[in-house]
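Fold and contact review
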Amino acid sequence: MGLVLDSSVLIAAERRGLNARQTLATVAASQPGEAVAISVVTLIELAHGVARADTPERKAARQQFLNELIAALPVQPVSIPIALRAGQIDGENTAKGVRVAISDLLIGVTALELGYSVATANLRHFQMVPGLGIVSL
């Protein structure tokens, strides 16, 4: 088993002033023995946050956080099986009138493909991914 970290967990930690190492130590303490990874989609979301920083200091801090995460964690790509499974789930959900942001769907399906859960502060979106285990952090 393991965890794919959603950007909501990482952004909340960064806003509390934690660096990536402290954040990962907190995750490890709350979920002992779990492997931890991030999706390449999470990198996109975090890079977006770096680009939107409103001061040079905040931009540098966010970039450092991102660099530390990349060095510390495996980054899972969006593979063909992930893309196909996400498309199937999105189609089924849309047919039921349920919409999940594609970024959250890709992160959730990455976790499903790995046999992992998602660690998130955004329960609502991830609860709409069938079969996905969710850890609230």
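Residues numbered from 1 in each chain as written. Predicted model: local features only at pLDDT ≥ 70, side-chain atom pairs only at ≥ 80, totals over all residues. Heavy atoms only, no water.

1. Observations regarding the overall build of the chain
Convention followed: Segments assigned H or I by DSSP are reported as helices when at least four residues long, segments assigned E as strands when at least two residues long, and all are numbered from the N terminus. Atoms considered for the radius of gyration are the C-alpha atoms alone. The globule rule reads 2.2 Å times the number of residues to the power 0.38. Residue burial is assigned from relative accessible area. The probe radius is 1.4 Å, only protein chains are included, and a residue is buried under 20% of its type maximum, exposed over 50%, and partly exposed in between. Throughout, a contact is declared for two residues whenever any of their heavy atoms are within 4.5 Å. In this charge count, Lys and Arg are treated as positive and Asp and Glu as negative; neither His nor the chain ends contribute. Here the site of a charge means NZ on Lys, CZ on Arg, CG on Asp, or CD on Glu.
Assigned secondary structure in the chain consists of 7 helices and 5 strands. Counted from the first residue to the last, the chain has its helices and strands arranged as β-α-α-β-α-α-β-α-α-β-α-β. Relative to the compact-globule value of 14 Å for 137 residues, the chain shows a C-alpha radius of gyration of 15 Å, a close match. Its C-alpha atoms put the chain at 45 × 35 × 25 Å along the principal axes. Every one of the 137 residues in the chain was classed for burial, and the buried ones make up 42%. Considering only contacts within the chain whose residues lie at least 6 apart along the sequence, 66% involve residues at least 24 apart. The average position of the 11 basic charges and that of the 11 acidic charges among the side chains of the chain differ by 5 Å.

2. Describing the nonpolar core
This is how it is decided: Grouping buried Ala, Val, Leu, Ile, Met, Phe, Trp, Tyr and Cys residues that are joined through side-chain atoms within 4.5 Å yields what is termed a nonpolar core.
In terms of nonpolar packing, the biggest core is built from 18 residues, with Leu 105 and Leu 132 touching the most fellow members. Within the residue set of this core, elements represented by two or more residues are helix 5 (80-95) and helix 6 (102-114). By residue number, the principal contributor to this core is helix 6, which donates 6 residues. Non-local contacts of Leu 105, meaning those with residues more than four positions away in its chain, are made with Ala 86, Ile 89, Asp 90, Val 100 and Val 129. Core analysis: the second largest hydrophobic core is formed by 17 residues, Ala 20, Leu 66, Leu 73 and Ala 119 among them.

3. What about the side chain of Asp 90?
Among the secondary structure elements, Asp 90 is positioned in helix 5. Residue class for Asp 90 comes out buried when judged on its relative accessible area of 19%. Setting aside chain neighbours within four positions, we find Asp 90 in contact with Arg 99, Val 100 and Leu 105.

4. Considering the packing of helix 2 (residues 20-30) against helix 4 (residues 56-72)
Operational definition: Axis geometry follows a simple rule: fit a line to the C-alpha atoms, using only the stretch in contact for helices, then measure angles between N-to-C directions, giving values from 0 to 180 degrees. Comment on the angle field: the value is read as roughly parallel under 35 degrees, roughly antiparallel over 145, roughly perpendicular from 65 to 115, and oblique elsewhere. Amino acids are sorted into nonpolar (Ala, Val, Leu, Ile, Met, Phe, Trp, Tyr, Cys and Pro), charged (Asp, Glu, Lys and Arg) and polar (every other residue, Gly among them).
The N-to-C vectors of helix 2 and helix 4 enclose an angle of 50°; their axes lie 8 Å apart at closest approach. Compared by their axis directions, helix 2 and helix 4 come out oblique. Facing helix 2, whose interface residues are Ala 20, Arg 21, Thr 23 and Leu 24, helix 4 presents Phe 65, Glu 68, Leu 69 and Ala 72. Its residues assigned to classes, the contact of helix 2 with helix 4 shows 5 nonpolar, 1 polar and 2 charged.

5. Remarks on the pairing of strand 1 (residues 2-5)
Rule in force here: Here the rule is simple: two strands pair whenever DSSP picks up at least two bridges between them.
Residue alternation in strand 1 divides its side chains into two sets, Gly 2 and Val 4 and Leu 3 and Leu 5, and both sets are buried. Pairing between strand 1 and strand 2 (residues 35-39): 3 bridges, direction parallel. Bridge assignment links Val 4 to a residue of strand 2, and that residue is Ala 37. Pairing between strand 1 and strand 4 (residues 117-120): 3 bridges, direction parallel. For Val 4, the partnering residue across the bridge sits in strand 4 and is Val 118.

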